[in-house]
Every structure is written in structure tokens, then in C-alpha cells.
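In case you want the letters, here they are:
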Amino acid sequence: VQQFEEQKLELESQKEKSQVLVAERDEGTNELEQQCTYLEDLEAKMEALSEQACSQDDSLKAACVDLEKSRLEESRLAFELALLTERESEHLYALRQERLAALDVMVVHEGEMAAAAQLQSELEQDLSEQRIAKEL
């Protein structure tokens, strides 16, 4: 009987140890499940961040392409402005040359008119002198 009691105490002791081990195992399992959940959450967050980074990378690439297009357009417009300015300068130079030529013609014409007026005055004086000479 005493041996039975000792075995019974031994079994109860092993049962308690077993229950402690089961409790520790369950606690470890719960902790492991929490860590797995945490890792899954981290993995989902990393995936979301990766997608966001790729999206931002695509947006950044698109912005760079737009910026380059804008720079090219600005260069093209600057070139066109330079061409227009050069053409305008050539046109203004041609207009100035035409004005100078017209002024030269006017000066010549005024000179001719003055010479004609002088000649007419001289002719009138000659006619007047001839009339006077005829009358005498």
C-alpha cells in the first residue's frame, strides 16, 4: 500500500510536471502564433511599402520625363525666339535701307526741284530781260 501511495504521489508529481510542461508548451505556442501574426503583419506592411515605393518610383520617373519634355520645349521655344529675333533684325535692317534709299531719292528730288526752280527763275529773268530789250 505504501508503495502504491508512493507511486500515486509520483504519478501526481509527474502529472503536475506534465501540466506545467503543457502550460509552458501552450504559452510557447501562443507566443509563437503571436510572432507569426506579427511577422505576417510586417510582411504585409513591407509589401505595401514596396508597392508604394514602386508607385512613387513610377511617379518620379513620369515627373522626370515631364521635366525633360518641358526643358526640350523651352529650348525649342528659345531657338524659335532667336530665329524670329534674327528675322526681325534683318527685316528692320531692310526697312532702314529702304528708308535711306527713299531719303536719298527725296534729297535728289529736292535738289532737282531747287535746280529747276533756279533754272525757272533764271529763265524768267532772261525773258524779262528780253522783253525789256525788245521794248527798248
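Please refer to the structure higher up on the page.
Residues numbered from 1 in each chain as written. Predicted model: local features only at pLDDT ≥ 70, side-chain atom pairs only at ≥ 80, totals over all residues. Heavy atoms only, no water.

Lay out the state of the cysteines in plain terms, naming residues and giving numbers.
Taken as a whole, this structure holds 0 disulfides when the rule is applied. Summary of cysteine pairing: Cys54 is not part of a disulfide, and the nearest cysteine sulfur, belonging to Cys64, is at 16 Å. A residue is classified by how much of its surface remains accessible, and Cys54, at 45% relative accessible area, is partly exposed. On the basis of relative accessibility, which here comes to 45%, the residue Cys64 falls in the partly exposed class. (Disulfide = S-S within 2.5 Å. Buried < 20%, exposed > 50% of the residue type's maximum accessible area, 1.4 Å probe, protein only.)

Lay out the pattern of salt bridges in plain terms, naming residues and giving numbers.
For the structure shown, the criterion picks out 4 salt bridges. Note that Asp26 is salt-bridged to Arg25, the shortest N-O span being 3.0 Å. Salt bridges sharing common partners tie together Glu73, Arg76 and Glu80. (Salt bridge = Lys/Arg side-chain N within 4 Å of Asp/Glu carboxyl O.)

Which residues make up a nonpolar patch on the surface, and what values do they have?
A surface patch of nonpolar side chains, amounting to about 300 Å² of accessible area, comprises Tyr38, Leu39 and Leu42. Tracing the sequence through the fold places Leu42 in helix α1 (residues 2-135). By relative accessible area, which is 31% here, Leu42 ends up partly exposed. (Patch = residues over 30% accessible without salt bridge, like charges linked within 9 Å, V, L, I, M, F, W, Y side chains within 5 Å. Areas by Shrake-Rupley, 256 points an atom, 1.4 Å probe, with all protein chains shown as cover. Helix = DSSP H or I, 4+ residues; strand = E, 2+ residues; numbered from the N terminus.)

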